[in-house]
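Residue strings, one per chain:
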Amino acid sequence: MNYKINKILNKKNKSKIVCLTAYSKNIAKILDKFCDIILVGDSMANVLYAEKNTHNLTIENTIQHTLSVRRGVKKNLLVVDMPKGTYKNITMAKKNAKLIKSSTKCDAVKIESNSNNFNIIKELVSLKIPVMGHIGYTPQFKNKFKIEGDSEKEKNKLIKEAIEIEKAGAFSIVLECITSRTARLITERIKIPTIGIGASSYCDGQVLVTDDMLGLSGFYPKFVKKFTNLNRVIEKAVKKYSREVKKNKFPSKKNFLNGSKYR
Ligand code: KIV
């Protein structure tokens, strides 16, 4: 198996896995210094394109953003979300996963579980395309938000789903918006790492949407911690720029280009 995937698998029960999303190079380059996994999430539909869900994101769009992210990620694992509708059946999943992998040189793809598409994971893994699973609140298949895993029935269903995904050959599973008890039980039950978002600290790793944790997106549910307020930082800088342009303070003499010196 690929050494980058092995590195992630070996972290189980040893050290926490750090994951964030990226949709472009400059952010990806920073994440690559501190994250084990960089995910080109289909959350880009909400975050970048102001869509109300992730359902209309195209494979072309995903590939385009991944090409940018690829330029920033040199060391760590680059995972790409397969957009909704691109893995409806095995033939389609194989064709599209191959296309994403060969055109972007990503390391792995992520597919959301509909409790029934385990055979797709198996087929992709047999083509040597590493797969990350995704259970709990899976925005591609659910129209209404709901926290998952509170009842016994839901808990058992999620545990079963995680076991099937592990059996199919996935190297990790995202647990999205799952109650802490169920997240803990899943994490204890399977050998592959679980990466939580809104699924407590009982997971092997954590993922957040970068624009949310940077305070840029305006989307701050309880499970998101705003590690800074980039909105405020950017606003201050743009306001200052605007003021200086209007007052003719920028550009100043030190920004003038005279002669051949560019930097
Ligand atoms: O699309 C995304 O960003 C994701 C994460 C929330 C896990 O799937």
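Residues numbered from 1 in each chain as written. Predicted model: local features only at pLDDT ≥ 70, side-chain atom pairs only at ≥ 80, totals over all residues. Heavy atoms only, no water.

**Q** Mind showing me how you'd approach the overall build of the chain here?
**A** On a plain count of helices and strands, the chain comes out with ten helices and eight strands. Over its C-alpha atoms the chain spans a radius of gyration of 20 Å, differing by no more than 12% from the 18 Å that the globule rule assigns to 263 residues. With respect to the three principal axes, the spread of C-alpha positions in the chain is 70 × 40 × 35 Å. Looking at the chain as a whole, 46% of its 263 residues are labelled buried. The contacts in the chain between residues at least 6 apart in sequence include a share of 58% that link residues at least 24 apart. Element-wise, carbon and sulfur atoms account for 54% of the exposed surface of the chain, whose accessible area totals about 14900 Å². The chain carries 51 positive and 23 negative side-chain charges, and their two centres are separated by 8 Å. (Helix = DSSP H or I, 4+ residues; strand = E, 2+ residues; numbered from the N terminus. Rg over C-alpha atoms; globule rule 2.2 N^0.38 Å. Buried < 20%, exposed > 50% of the residue type's maximum accessible area, 1.4 Å probe, protein only. Contact = heavy atoms within 4.5 Å. Areas by Shrake-Rupley, 256 points an atom, 1.4 Å probe, with all protein chains shown as cover. Lys, Arg positive; Asp, Glu negative; His and termini not counted. Charge placed at Lys NZ, Arg CZ, Asp CG, Glu CD.)

**Q** Explanation requested: the site of the ligand in the structure shown.
**A** In the neighbourhood of the ligand, the contacting residues comprise T21, L39, G41, D42, S43, D81, K110, H134, V174, I197, V207 and V209. In this structure, an oxygen atom belonging to the ligand sits 2.9 Å away from a side-chain N or O atom of D42. Between the ligand and D81, the relevant distance is 3.1 Å, taken from an oxygen atom to a side-chain nitrogen or oxygen of the residue. In isolation the ligand exposes 260 Å². Once the protein is present, 95% of that is buried. Classifying every residue of the shell around the ligand gives five nonpolar, four polar and three charged. (Near = heavy atom within 4 Å. Polar contact = N/O pair within 3.5 Å; in protein donor to acceptor, adjacent residues only side chain to side chain. Nonpolar A, V, L, I, M, F, W, Y, C, P; charged D, E, K, R; others polar.)

**Q** What is the right way to look at the pairing of strand β1 (residues 17-21) in this model?
**A** One face of the sheet, then the other: side chains in a regular strand alternate in exactly this way. Taking burial as the measure, the five residues of β1 include four buried ones, the bulk of the element. Sheet analysis places β1 next to strand β2 (residues 37-40), joined by three bridges and oriented parallel. Counted as the bridge partner of L20 is I38 from β2. This β-α-β element, β1 to helix α2 (residues 25-34) to β2, shows right-handed connectivity. (Pairing = 2+ DSSP bridges. Right-handed = clockwise from strand over helix to strand, strands pointing away.)

**Q** How do you make sense of the sheet that holds strand β3 (residues 77-81) when you look at a structure like this?
**A** As a general point, the strands of a sheet are linked pairwise by backbone hydrogen bonds and lie either parallel or antiparallel. Strand order in the closed barrel made by the eight strands is β1-β2-β3-β4-β5-β6-β7-β8, with parallel pairing throughout. Shown here is a sheet whose adjacent strand axes are inclined to one another by a mean of 25 degrees, direction ignored. Taken together, the four bridges between β1 and strand β8 (residues 205-208) define a ladder with parallel strand orientation. Opposite V18, over in β8, you have Q206 as the bridge partner. Here α2 sits on the sheet in contact with β1 and β2, set at roughly 175 degrees to β1. (Axes fitted to C-alpha atoms, helices over the stretch in contact; angles between N-to-C directions.)

**Q** Quick question: what am I supposed to make of the packing of helix α7 (residues 152-168) against helix α8 (residues 180-189) here?
**A** Helix-helix packing: each pair is described by the crossing angle between the helix axes and the interaxial distance. Following both chains from N to C, one finds α7 and α8 inclined at 30 degrees, their axes separated by 10 Å at the closest point. Comparing their axes, α8 and α7 come out roughly parallel. Where α7 crosses over α8, the handedness of that crossing is right-handed. On α8, the residues that touch E152, K155, L158, I159, A162 and I163 of α7 are R181, T182, L185, I186 and R189. Looking at the contact of α7 with α8, its residues break down into six nonpolar, one polar and four charged. (Parallel < 35°, antiparallel > 145°, perpendicular 65-115°, else oblique. Left-handed = near helix turned anticlockwise from the far one by under 90°.)

**Q** I'm lost on α8 in this one. Help?
**A** An α-helical segment advances 3.6 residues per turn. Residues three or four places apart therefore align on the same side. Those residues of α8 that fall on the buried side of the exposure criterion are T182, A183, I186 and T187. Buried residues of α8, seen end-on, are gathered within an arc of 135 degrees and therefore sit on one face of the element. Seen from the open side of α8, the exposed residues pointing more than 90 degrees away from its buried face are E188 and R189. On its buried face, α8 sits against β5 (131-136), α7, β6 (172-176) and β7 (194-197). (Arc of directions from axis to C-beta.)

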